[in-house]
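Listed below are the residues making up each chain.
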Amino acid sequence: MTYPRLLVLLTLALVALFIASLLVGVADMPISDSLSALFGGGEGPLPMVMREIRLPRALLGVMVGVSLGLSGAALQGYLRNPLAEPSVIGISASAALGAVIALQSGFAALFALALPLAALVGAAICVLLILLLAGSGGTLSLILAGIAVSALSSALTALVLNLSPNPFAANEIIFWMMGSLADRSFLHVWMALPIMAVGWGLLALTGRGIDRLTLGEEAAASMGVNLKHLRLLLVGGVAASVGAATAVAGAVGFVGLVVPHILRPLVGARPARLLLASALGGAILVLTADVAVRLILPGRDLKLGVLMALVGAPVFFHLIWRMRGRS
Amino acid sequence: MSLLTTQNLTVRRGARVTLDHASLSVEPGEMIGLIGPNGAGKSTLLRAALGLIPAEGDSTLAQMSPTARAKAAAWLPQAREIAWPVSVAHLVSLAQNEREDAPEVLAALKRMDLLDFADRKATGLSGGEQARVLIARALAQDTPLLLADEPTAGLDPAHQIGCMETFAALAGEGRSVVVSLHDLGLAARHCTRIVVLSEGRIVADGPPREVLTEALLAEVFAIRCHIAETPEGMVLHPLSQVKR
């Protein structure tokens, strides 16, 4: 399959799933009514459901998926490791810690965007720590710094849960950490979109560099790649996009790991081409999972992150199985 | 005009000095063999000259921006890394902004006898074939200077000779090649100039016949050699270790 054809197919699938996401929900409504309510507007509950609940949910699905897929592809390219995913540099764990502290302290209840804002602060602190720790060392120092920051964030999150005097707060924290797109509004879209867009822009600029990194750091540098700039673009881009994604959706794993893995053979394994393909693929996967959680157990609030792990882990088993077969 | 000049290039790793005030100048048309025992500082000299590792002293290449340096010199590292199963043509075209039909890319593929491999996955090739692909990538950069770290390591004799002949041909076209080598026979036969490193210092620099003497080889490498002039040119054979 040629690269342009792959992009067209992925885009068509994305559009189809976006429409599906708009049409699936607790309130069972005829398709024609739903669409006319979405585009025509008017009074009553139907336009409200379509415009204020389902549209932001579908948009957030696309945004979160693009962020996770793109970040995963960029990180795998930069680290030259198919096992890398956004969580390796600790952004998601730190964003989660910010959110958990906000939930525990009651800050999250003060105003609508308090929780995502706290998560973004967590992500920002994580970036500073990583850049400080990893300095100008190679990719290994970046991974080690990420693991260290991630471990610290997880430990502090556990500490907050541990010391939580109120079981309801602890419960709320655990549910938030499972990741979900339910009950989000346009406020979340408008908060996350500009930050994610900056992140996507930074990651899009890594293409040339990560393509050359196929030959290793020294060869890439000798071909004119500025490794320090590349690392800043990468860490900044992953932090902005994944930090914002975690802030609005909680922790959603596996997308950044599995999507680049599946799409790599279809783009001739070229890291730069994998960026756009994985962004589209990530959006497709998150929308699919978010439609699935509404169909599988309607009314039970199955969490997106839980379903993703349930589906993602077997896909991963399969990949390992295939890899074993090849070697 | 020199393609590369280093002045008192010094590299320290902790308290140890791995490169000690190395001064070197590379002129167009030279094929320079960089020789020395393990740990003498051959790779360190090449990488410090390119500015890939921090060093004291001056190097004309290290002062350039990465983009300007990429036009001035190509670098073939010793580690043969190919991270993803991309096609040979794509890998070589990385040196030319991914234009797989660029004349420099096609010329490099042809020169390394790789035209039939262009669509194959680079990771599926044998070690020797991969080495040729990586040499082709460096050639496709089309620079006046090529620095190569042990490019013949792991190649069969025919491809070792082929590699050295390719580099010698580049020098014949007015470019320059600096190549670190462990094979003293290849160095003696194919290089126009030999630079000898020992414990981080340049201890000899000149034409092979002047530099590669039994006394120097015994002193620097602790080996006894057979050196002979034949109709094919200079021949050098290591024979035995010398007790010091």
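How each quantity is defined
- Residues numbered from 1 in each chain as written.
- Chains lettered and ligands numbered in written order.
- Predicted model: local features only at pLDDT ≥ 70, side-chain atom pairs only at ≥ 80, totals over all residues.
- Heavy atoms only, no water.
- Helix = DSSP H or I, 4+ residues; strand = E, 2+ residues; numbered from the N terminus.
- Rg over C-alpha atoms; globule rule 2.2 N^0.38 Å.
- Buried < 20%, exposed > 50% of the residue type's maximum accessible area, 1.4 Å probe, protein only.
- Areas by Shrake-Rupley, 256 points an atom, 1.4 Å probe, with all protein chains shown as cover.
- Lys, Arg positive; Asp, Glu negative; His and termini not counted.
- Charge placed at Lys NZ, Arg CZ, Asp CG, Glu CD.
- Salt bridge = Lys/Arg side-chain N within 4 Å of Asp/Glu carboxyl O.
- Contact = heavy atoms within 4.5 Å.
- Buried area = accessible area lost by both parts, 1.4 Å probe.
- Polar contact = N/O pair within 3.5 Å; in protein donor to acceptor, adjacent residues only side chain to side chain.
- Phe/Tyr/Trp six-rings, centres within 6.5 Å; stacked < 30°, edge-to-face > 60°.
- Core = buried A, V, L, I, M, F, W, Y, C linked by side-chain atoms within 4.5 Å.

Peer 1: Honestly, the overall build of chain B in this entry has me stumped. Any pointers?
Peer 2: Secondary structure summary: chain B contains nine helices and 11 strands in total. A globule of 244 residues ought to have a C-alpha radius of gyration of about 18 Å, and chain B, at 18 Å, matches this closely. Reported as C-alpha extents along the three principal axes, the dimensions of chain B are approximately 55 × 40 × 35 Å. The buried share of chain B, reckoned over its 244 residues, is 51%. Carbon together with sulfur atoms contributes 50% to the accessible area of chain B, which is approximately 10900 Å² in total. The centroid of the 23 positive side-chain charges in chain B is displaced by 4 Å from the centroid of its 28 negative side-chain charges.

Peer 1: I keep staring at the pattern of salt bridges and nothing clicks. Help me out?
Peer 2: Once their charged atoms are close, side chains differing in charge can pair, the charge on each being opposite to the other. This model, assessed by the stated rule, comprises 15 salt bridges over all chains. Across the salt bridge formed by Arg47 of chain B and Glu218 of chain A, the nearest N and O atoms sit 2.5 Å from each other. Of this pair, Arg47 of chain B sits in helix 1 (residues 42–50) while Glu218 of chain A is found in helix 10 (residues 217–222), placing the two residues in two different chains. For Arg12 of chain B, the salt bridge goes to Glu56 of chain B, with nearest N and O atoms at 2.9 Å.

Peer 1: What am I meant to see in the interface of chain A and chain B here?
Peer 2: How large an interface is tends to be reported as the accessible area lost when its parts come together. If you look at the interface, chain A gives 24 residues, while chain B gives 25 residues. Here chain A packs against chain B, burying approximately 2000 Å² in sum over the two surfaces, 58% of which is carbon and sulfur. For the pair chain A and chain B, the interface holds four salt bridges. Taken together, the links from chain A to chain B amount to 11 residue pairs in polar contact (both at pLDDT 80 or more). Among the secondary structure elements, those contributing two or more residues to the side of chain A that touches chain B are helix 3 (45–79), helix 9 (207–212) and helix 10 of chain A.

Peer 1: Where do I start with the packing of aromatic side chains in this structure?
Peer 2: To describe a pair of aromatic rings, you give the distance between the ring centres and the angle between the ring planes. All names here are of chain A. Tallied over the full model, the rule gives two aromatic pairs over all chains. Ring centres of Phe107 and Phe111 lie 5.8 Å apart, and the angle between their planes is 90 degrees; this geometry places the pair in the edge-to-face category. By relative accessible area, Phe111 is classed as partly exposed at 41%. Note on Phe186 and Trp190: the rings are 5.9 Å apart at their centroids and 25 degrees apart in plane angle, and the pair reads as stacked. Placement of both Phe186 and Trp190 in helix 8 (residues 186–204) is noted, with a separation of four residues, approximately one turn of the helix. Residue Phe186 is classed as buried on the basis of its relative accessible area of 18%. Judged by relative accessible area, which is 56%, Trp190 ranks as exposed.

Peer 1: Which parts of the structure should I look at to understand the environment of Pro298 of chain A?
Peer 2: Residues and elements named next belong to chain A. Assignment of secondary structure puts Pro298 in the loop between helix 13 (271–296) and helix 14 (304–326). Judged by relative accessible area, Pro298 falls into the exposed class, the value being 58%. Linking Pro298 and Gly25, residues 273 residues apart in sequence, is a C-alpha distance of 8.0 Å.

Peer 1: Explain the nonpolar core to me, please; I cannot follow it from the model alone.
Peer 2: Ile91 and Leu142 of chain A are the most contacted members of the largest nonpolar core, which has 94 residues in total. The biggest single contributor to this core is helix 3 of chain A, with 16 residues. Excluding anything up to four places from it in sequence, Ile91 of chain A contacts Pro86, Ala123, Cys126, Val127, Val238, Ala239, Val242 and Gly243 of chain A. Judged by nonpolar contacts, the second largest core, of 64 residues, contains Leu215 and Met223 of chain A together with Leu91 and Leu181 of chain B.

Peer 1: Looking at this structure, how should I read unusual backbone geometry?
Peer 2: Note: most peptide bonds trans; most residues except glycine with negative phi. All names here are of chain B. In this structure, Asp142 takes a positive phi of about 55 degrees despite not being glycine. With respect to the helices and strands, Asp142 occurs in the loop between helix 5 (127–140) and strand 6 (145–149). Residue classification places Asp142 among the partly exposed residues on the basis of a relative accessible area of 36%. Here Glu199, not a glycine, exhibits a phi torsion of approximately 50 degrees, which is positive. With respect to the helices, strands and loops of the structure, Glu199 is situated in the loop between strand 8 (193–198) and strand 9 (201–206).

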